[in-house]
Amino acid sequence: MHVHVNAATSVDGKLSSRRREQVKISGDEDFARVDEVRAASDAVLVGVGTVLADDPHLTLDDAELVSKRESRGKSSHPARVVADSRARTPTDARILDDEATTYVLVSEAAPADRRGALETAGAEVVVAGDERVSLPAAFESLESHGVERLMVEGGGEIIFSLFDAGLVDELTLYVGSMVIGGRDAPTLADGDGFVSAFPRLSLQAVERVDDGVLLTYEC
Ligand SMILES: NC(=O)c1ccc[n+]([C@@H]2O[C@H](COP(=O)([O-])OP(=O)(O)OC[C@H]3O[C@@H](n4cnc5c(N)ncnc54)[C@H](OP(=O)(O)O)[C@@H]3O)[C@@H](O)[C@H]2O)c1
Ligand SMILES: Nc1nc(=O)c(N)c(NC[C@H](O)[C@H](O)[C@H](O)COP(=O)(O)O)[nH]1
């Protein structure tokens, strides 16, 4: 499976503010590019932290991209995936509407009633891992459902885990020309952080987009 992480940060590496509320870092051109990356993917993944903070929809905004997918025999939108060990996704989350298939990756620790509630709300629940979602095992399961290209839209906890597990193939990072600051504001890669064996990336392209910079890396 090809795993493409896309994110937008401030110049100081923050994904949002210390309030963990969504901050519009990208401009129109970058959001249009994000829509194209979504359209080229079989599924789009976020961590449950992003679902709780942003309540994202993760479908395509551009009707032309929807028709192009349909003409290629694909579903109208990529599937949506949330990594959610304890099945905390609210049943009224926007990702659980019927516009696209939604997989909720949970661990064995997820309470049975929460799993059931998510299934009733239309989610396909995938169990992988004991306490926390095992990303390698969950990705194998997604592959068996036909997911060959996976886009990851954050946040910082899940992105760290993906780098830690060596699962990232490509990173596109939009750096907006703004400072967010705050020692408790989420960054591109949070988790425990690395103290050695830092993942090294190979810079492929640097491009001016909106009033910021788009960096493309092979990982
Ligand atoms: N600017 C951007 O591009 C962008 C993109 C996305 C999000 N954001 C911002 O980022 C913030 C949310 O980021 P976040 O770091 O709090 O949340 P996150 O990475 O979206 O979700 C983290 C949660 O995912 C769950 N998870 C399940 N399996 C995991 C695993 N193997 N490794 C790590 N986590 C796993 C954990 O909860 P359980 O232990 O309960 O499973 C964890 O707390 C919000 O402020 C949002 O606005 C910004
Ligand atoms: N590329 C990007 N630039 C930003 O400035 C920003 N704040 C996000 N944030 C990503 C986060 O996951 C959002 O929740 C989804 O981008 C919302 O997706 P929807 O429009 O609801 O489909 N992503």
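A quick note: this is a predicted structure, and the numbers were derived from the prediction, not measured. (Residues numbered from 1 in each chain as written. Chains lettered and ligands numbered in written order. Predicted model: local features only at pLDDT ≥ 70, side-chain atom pairs only at ≥ 80, totals over all residues. Heavy atoms only, no water.)

**Let's talk about helix α5 (residues 135–144)**
- Of the positions making up α5, those classed as buried are Leu135, Ala138, Phe139 and Leu142. In an axial view of α5, the angular spread of the buried residues amounts to 100 degrees, which keeps them on one side of the axis. Relative to its buried face, α5 has exposed residues pointing more than 90 degrees away, namely Glu140 and Ser144.
- Its buried side turned inward, α5 meets β1 (2–9), β2 (43–47), β3 (79–83), β4 (102–106), β6 (149–152) and α6 (156–164). (Buried < 20%, exposed > 50% of the residue type's maximum accessible area, 1.4 Å probe, protein only. Helix = DSSP H or I, 4+ residues; strand = E, 2+ residues; numbered from the N terminus. Arc of directions from axis to C-beta. Contact = heavy atoms within 4.5 Å.)

**Regarding the site of ligand 1**
- Taken together, 28 residues form the shell around ligand 1, and within it Ser16, Thr50, Asp54, Ser85 and Ser161 come nearest.
- Gly49 places a polar main-chain atom, nitrogen or oxygen, 3.0 Å from an oxygen atom of ligand 1.
- At a separation of 2.6 Å, an oxygen atom of ligand 1 approaches a polar side-chain atom of Thr50.
- Within the complex, the protein chains bury 89% of what would otherwise be the 920 Å² of accessible surface of ligand 1.
- Of the residues forming the shell around ligand 1, the biggest block, five residues, is contributed by helix α2 (residues 48–54).
- Its residues assigned to classes, the shell around ligand 1 comprises 11 nonpolar, 10 polar and seven charged. (Near = heavy atom within 4 Å. Polar contact = N/O pair within 3.5 Å; in protein donor to acceptor, adjacent residues only side chain to side chain. Areas by Shrake-Rupley, 256 points an atom, 1.4 Å probe, with all protein chains shown as cover. Nonpolar A, V, L, I, M, F, W, Y, C, P; charged D, E, K, R; others polar.)

**Digging into the packing of aromatic side chains**
- Overall, the coordinates contain one aromatic pair when judged by the stated rule.
- Residues Phe160 and Phe194 carry aromatic rings whose centres are separated by 4.7 Å and whose planes lie at 45 degrees to one another, so their mutual orientation is tilted. With Phe160 in helix α6 and Phe194 in the loop between β7 (170–175) and β8 (202–209), this pair connects stretches of sequence that are 34 residues apart. (Phe/Tyr/Trp six-rings, centres within 6.5 Å; stacked < 30°, edge-to-face > 60°.)

**Topic: the side chain of His57**
- Relative to the helices and strands, His57 is located in the loop between α2 and α3 (63–71).
- Looking at His57, the relative accessible area reads 15%, which means it is buried.
- Side chain to side chain, His57 and Asp97 meet in a polar contact 2.4 Å long.
- Setting aside its immediate chain neighbours within four residues, His57 contacts Arg80, Arg94, Ile95, Asp97 and Glu99.

**Observations regarding a negative patch on the surface**
- There is a patch of like negative charges on the surface, built from Glu36, Asp61, Asp62 and Glu64.
- Along the chain, the position of Asp61 falls in the loop between α2 and α3.
- According to the relative accessible area criterion, Asp61 is exposed, its value standing at 68%. (Patch = residues over 30% accessible without salt bridge, like charges linked within 9 Å, V, L, I, M, F, W, Y side chains within 5 Å. Salt bridge = Lys/Arg side-chain N within 4 Å of Asp/Glu carboxyl O. Lys, Arg positive; Asp, Glu negative; His and termini not counted. Charge placed at Lys NZ, Arg CZ, Asp CG, Glu CD.)

**A word on the site of ligand 2**
- In the region of ligand 2, 17 residues are neighbours, and Val23, Ile25, Ser26, His57 and Leu58 sit closest.
- One of the backbone N or O atoms of Leu58 is found 2.8 Å from an oxygen atom in ligand 2.
- Between ligand 2 and the protein, one listed contact pairs an oxygen atom with a side-chain N or O atom of Glu153 at 3.5 Å.
- Calculation on ligand 2 without its partners gives an accessible area of 520 Å², and the protein chains cover 86% of this total.
- Considering each element in turn, the shell around ligand 2 owes the most residues, three residues, to helix α1 (residues 28–39).
- Of the residues belonging to the shell around ligand 2, the class tally is seven nonpolar, five polar and five charged.

**Quick look at unusual backbone geometry**
- For the bond running from Gly154 to Gly155, omega is 0 degrees, close enough to zero to count as cis.
- Of note in this structure, Ala87 is not a glycine but carries a positive phi near 55 degrees.
- Within the secondary structure, Ala87 is located in the loop between β3 and β4.
- The exposure class of Ala87 is buried, given its relative accessible area of 0%.
- For Ala197, which is not glycine, the phi torsion reads 45 degrees and is therefore positive.
- Along the chain, Ala197 falls in the loop between β7 and β8.

**Overview of the UniProt feature "domain: Bacterial bifunctional deaminase-reductase C-terminal" (unreviewed entry) in the chain**
- The sites that UniProt annotates as "domain: Bacterial bifunctional deaminase-reductase C-terminal" (unreviewed entry) are residues 2–215.
- Spanning residues 2–215, this segment combines 26% helix with 23% strand, and its end C-alpha atoms are found 18 Å apart. (UniProt positions renumbered as here; feature names shortened; annotations may be inferred.)

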